[in-house]
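In case you want the letters, here they are:
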Amino acid sequence: MELLRPSSVAELDGGLPIHGGTEVVPLLRDGILHADKLVDVRGIVPSGVRGDRIGAGTTLAELEADATVPEALREACRLAASPQLRNMGSVGGNLLQSTRCWYWRLKYPCRLHGGDRCHAREGEHREHAIFANDFCASAHPSDVAAALLALDARLHTTRRELPLADLYRLPNEASRELTTLEPGELLLELALPAVESSVYLKAMDRQRWSFPQVGVAAARVAGEVRVALAGVAPVPWLLDGPGALDAATPLPRTAWKVDVARALVRRALDRV
Amino acid sequence: MPELTLTVNEHRYDLTAPIGMSLAQALREIVGLTGTKIACNEGHCGACTVQIDGVPTLSCITLAHNVSGKVTTIEGLRDHPLVDAFVRADAVQCGFCTPGQVVSAAALVAASPSPTIDEIRHQMAGNICRCGTYPRIEEAILHWRD
Amino acid sequence: MARLIRTEKEVEGRFEEVWLVVEEDPLTQWPDGPLTVVGREATRQDAPARVRGEARYTADVQLPGMLHAAVLRSPHAYARVKKIDLAPALALPGVHAAIGPGDAKGLEDEPGFNGAAVAAVAADTFAQARRAVEAIAVEWEELEPVLDPDEAVRREQFTAPSSRYERGNYEQALASADVVIEGTYRTSVVLHNSMETHQAVCEWVGDILNVYISTQYIWGVRSAVAAELGIPGDKVRVVCEFMGGGFGSKNDPGEYTFIAAELAKRTGRPVRCALTRREENTAAGNRNRTIQRLTVGARSDGTIVALGGEFVNGVGWSGWSAMTEGPMQMLYSCDNVRTVRHGAKINLPPMKAFRAPGFVEGTFGLECLIDELAAKLELDPLELRRRNYADSNDGKPYSSKNLMECYELAQKHWERRDEVRARSTDTVKHGVGMASQIWYGGGGPPSYAWTRVGSDGRITVVTAMQDIGTGTRTAMAQIAAEELGVPLDRVEVVLGDSARGPYATLSAGSSTTPSVGPAVRAAAADAKRQIIEIAAQRYDLEERVLDIKDGVVVSQDGNVSTQLADLLEILENSQILGKGGRGPNPTGMSVLTFGVQVVEVAVDIETGEVRVERVAAAHDVGRIVNPLGARSQVEGGIIQGVGHTLSEQRLHDPETGRILTTSLDAYRMPTIADVPEIVCEFVDKPDEHLTNLGSKGIGEPPIIPLAAAVANAIRDATGADVHELPITREEMLRALGAAKQKERRGAPAAV
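## Here's the deal with the domain arrangement of chain A
By a widely used convention, the size of an interface equals the accessible area lost when the partners come together. All names here are of chain A. Here chain A is described as being made up of domain 1 (1-44) and domain 2 (45-271). Distance between the C-alpha centres of domain 1 and domain 2: 23 Å. Across the contact, 15 residues belong to domain 1 and 18 residues belong to domain 2. Interface area for domain 1 against domain 2, summed over the two sides, is near 1,200 Å², with a carbon-plus-sulfur share of 64%. Applying the counting criterion to the domain 1 and domain 2 interface returns two salt bridges. For the salt bridge of E23 with R105, the shortest nitrogen-to-oxygen distance reads 3.5 Å. On the surface where domain 1 and domain 2 come into contact, there are four residue pairs in polar contact (both at pLDDT 80 or more). Residues belonging to the side of domain 1 that touches domain 2 are distributed by class as follows: seven nonpolar, five polar and three charged.

## Some details on the sheet that holds strand β5 (residues 53-55) of chain A
All names here are of chain A. The five strands are arranged β4-β5-β8-β6-β7 in an open sheet whose pairing can be described as antiparallel. Looking at which strands have only one partner, the edges of the open sheet turn out to be β4 (49-50) and β7 (161-163). Where strand β6 (residues 154-157) lies against strand β8 (residues 187-191), four bridges are found, and the strand directions are antiparallel. Counted as the bridge partner of R154 is A191 from β8.

## Overview of the packing of helix α17 (residues 627-647) of chain C against helix α18 (residues 706-718) of chain C
Residue and element names in this part refer to chain C. Two elements in contact, α17 and α18, have axes whose closest approach is 8 Å; the angle formed by their N-to-C orientations is 60°. One finds that α17 runs oblique with respect to α18. The interaxial crossing formed by α17 with α18 has right-handed handedness. Here I638, G641, V642, H644 and T645 of α17 come into contact with α18, specifically with L706, A707 and V710. Considered class by class, the residues forming the contact of α17 with α18 number five nonpolar, three polar and no charged.

## With respect to the interface of chain A and chain B
Contacts between chain A and chain B engage 27 residues on the former and 28 residues on the latter. Between chain A and chain B the total buried area reaches about 2,000 Å² when both faces are included, carbon and sulfur atoms providing 56% of it. Counting across the chain A and chain B interface gives zero salt bridges. Taken together, the connections running from chain A to chain B amount to 13 residue pairs in polar contact (both at pLDDT 80 or more). Grouping the amino acids of the side of chain A that touches chain B by side-chain chemistry returns ten nonpolar, five polar and twelve charged.

## Comments concerning the state of the cysteines
Counting across every chain of the model gives zero disulfides over all chains. No disulfide involves C118 of chain A; its sulfur sits 5.4 Å from the nearest other cysteine sulfur, which is in C136 of chain A.

## Considerations on the interface of chain B and chain C
Taken together, the contact between chain B and chain C spans 41 residues of the former and 52 residues of the latter. Buried surface at the junction of chain B and chain C, summed over both partners, amounts to about 3,900 Å²; 57% is from carbon and sulfur atoms. Linking chain B to chain C there are seven salt bridges. The residue E648 of chain C makes a salt bridge to R130 of chain B at a minimum N-O spacing of 2.7 Å. For the pair chain B and chain C, the interface holds 23 residue pairs in polar contact (both at pLDDT 80 or more). For the side of chain B that touches chain C, the secondary-structure elements that each account for two or more residues are α1 (23-31), α2 (81-89), α3 (98-111), α4 (117-123) and α5 (134-142) of chain B. Taken together, the residues of the side of chain B that touches chain C sort by class into 22 nonpolar, seven polar and twelve charged.

About the cut-offs
- Residues numbered from 1 in each chain as written.
- Chains lettered and ligands numbered in written order.
- Predicted model: local features only at pLDDT ≥ 70, side-chain atom pairs only at ≥ 80, totals over all residues.
- Heavy atoms only, no water.
- Domains from an automatic or database assignment.
- Contact = heavy atoms within 4.5 Å.
- Buried area = accessible area lost by both parts, 1.4 Å probe.
- Salt bridge = Lys/Arg side-chain N within 4 Å of Asp/Glu carboxyl O.
- Polar contact = N/O pair within 3.5 Å; in protein donor to acceptor, adjacent residues only side chain to side chain.
- Nonpolar A, V, L, I, M, F, W, Y, C, P; charged D, E, K, R; others polar.
- Pairing = 2+ DSSP bridges.
- Helix = DSSP H or I, 4+ residues; strand = E, 2+ residues; numbered from the N terminus.
- Axes fitted to C-alpha atoms, helices over the stretch in contact; angles between N-to-C directions.
- Parallel < 35°, antiparallel > 145°, perpendicular 65-115°, else oblique.
- Left-handed = near helix turned anticlockwise from the far one by under 90°.
- Disulfide = S-S within 2.5 Å.

Here it is as structure tokens:
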């Protein structure tokens, strides 16, 4: 395996990008990711907060500590992962993290791995999705993605500029990808609009260092309230109205998440 | 095999190691510093915590070749007042997680010399202790300067 | 004079009879209360080494030329190895040897659970060994697994014959009861997940096998390895000075030791075989799940007249069926008890003892049942326990029992109930619950210690015991220092090596302090006697007027006052050697430990979140040797209890029987942020019948009542009955929903 360290975007030439490494290193070791060439992109991805711009290389710890960052994003960072992982992990990497679904992580030949079954649907799915779970019942684990989705963030990559929502896609028969990233495309920067108020509430089964069972981000942006959820669908999930939870399609052992989501959404809306 | 240089506890080490070797493994097997423990090898438990430029970092998922900063391991903290504080507070049972706890705690008190209990619980939550020394660790950190 | 006697020994609730050589000259117990060293807080002697990372664990053992082993484990819940070809593995770079089924104990050709070991490879690096293991060609015949314990019971597929017990007339008593409560309680599979995984390094030096192993039982490994390899015990040296946790899972050698020994034999090199964390979560053992169908019948004044239960232990493919019915039989005075316990043989990884096996699970079921009884009878739960206090163990007297004193200590915490409940809001309800516990912990023979006093007046205690993190090493030093009359820092304890030191029992079943402690005291007394004899000769005085206090040899009249080192400096290379052994347990008595925990919880009734806010623990374990270490054991046990109560659960795929929670992000143990306020009190009364110490073990008692106390606090806060561990949000919301239904149907919510 090679390790390259380009000093500009122009030098990028294939390979698997690595920043904090908190996702890539374990997945390489597990044989879920494969690479002959690792590309350390810490020299080329911007980091730091400048006004309404957040470099994709900014760590969660930096965002947690920055009082100029909207509350929902700060709180999502604060409650995410462990202190060490927050020190190491970039916000860009966090947006791109993979599901914790045990079937996927143990390399069952499931839909996301190109197979034709969702083992969770028929098997052990108590931590899985309540929306869009027909094809794949995995849950997206990023608190930060839910917060940024509620905050109506926009994303700048090496190729385009897009609303964060367009970074994600649901897997289907034609493609099992959960993002719309093209090969070689890197996240560079996030841009946030003016935020009047925002909040992030997280249900976990221990007080810290736990992926969201249900995470609820709410933000008042340009007079409108946006609510996005973590842990409830294969991608971060924007609720499209108050009745959205009634349209949830829980599995037998994820019905409890609907109750939790209802309570947290109500509380988040009260706060925002 | 590719070469790399690590600065560990103020000493410079020139090593050869394959790309992909973790910092934890390099420290333990090449540099010979076994104080840093590997308990899960996938970044979930914190036992392998070292400081890189003073920042608590999981050495088991850090690539040895990707380290660009000064590494501090438990061996570099052997004279830190926290060591005595941990002993006095009985903040050690089997001790396997303890080096990682001390490394995280040292960073905490460097940034916040009189941490509150909430700060301690928040900043130490990434260091799992199966024996349950947590209340003792809290006490050790609260009284580290006594 | 040596005598050979037959006596009863208990470990983890299992009894056996052993032959024992006893020396006469028993010591009388020390007086009650804190002494000079024993009963006083002492920091751990080995703490600096552990804290600084200087302690060498098995994981740190690096021998020249050492190879690394990787293990091929069955991916199937039940399969037969039809064909296995190791050649592709042997062809890979760095590989030195490969072994298959039958080549070492633990390598199976009909693996009965996901994770059972089948083959192993030794290579220069672990990565190479892993790649080689993946190259081994296996033809599996998949067999039909049985995964459900009730199904196994239906098929009469048991790990051991079912255990049936009855006293009195259960049916008649139940029929006469004013109130009958029935309930089904379930506990889940919980994993030890010690921070140091199971591992061993084996090295042949001539015909001696050195085994460096993370273990709770140095001598047990020595015997088992010697027996399996067909070599004399003294050709096996087992070393474990520091180990990273066991909690019951490391009482025996494990397949990794035999794999390492065989590969070391074949390659002529030392071999490390260490489980990865994934393997640890799969195949290293666990607390088995239980299904408990329980019944209690009582009179309206609260007298329990009948207790009955069917206990199904989901033991796994092997393992022993723990006494889940123990608390029901033993905790309360009830003349009519009937229990049946099945050990279900299922195609899941085998149980291994985990901190009070059987009694943790059984106390959850029983103490929730009794609490529901209290609610039904509208009786104070603590008062109900008092009313059914057992004065004997079904007729057999206790060597000591101070559970009533524990209840007294708990009273002030129990009286916080109104104040705690008053904090409830519309969405978060606060409540208080309690549970009591009974367990073993008297230890037993044999165990031995030697003492060695040199011309510098320092004492070395030598015994081949292990300190698994409980602080027993320091406790032994305290005992020796107290007996000899020297300051604690003059005593060094040497342990952890079967080649250095006599037999010591395993560190499980809360055994070490009550087993090795008395041996250490006896050995110290032997040395002291010799020192006094020397002093008597030296000063021409009678022995009875001489003593050692604070390291100074003194005479009653005050004329002699000599530092021990000054008295002994004439010895030069001569030494004073003392020895001592653990005597028998009291006959005709039950040696048991007792305790109670009062827990305060907060329940968010909309999200199902449960927070354990405060635990007050009162335990009766005889004399406390080190209050500092003892408190740490209580806190540690409670925190492990919080884990199995709220968030820990091993899950498997229902279709294939494969383990799903193989990593620590999925198997979630408490973090420092999950710790409640813990208040810890000890009765600290020596058991006057038990050894020269009067001490019992504290390792297990604190984990036992926690889960039930939490469930009972939840009932107090919300009226909801949780019947399943862990109390996930899903279970909490289910129970809240059921309580609401009950309320709507007109039945009063409890309390």
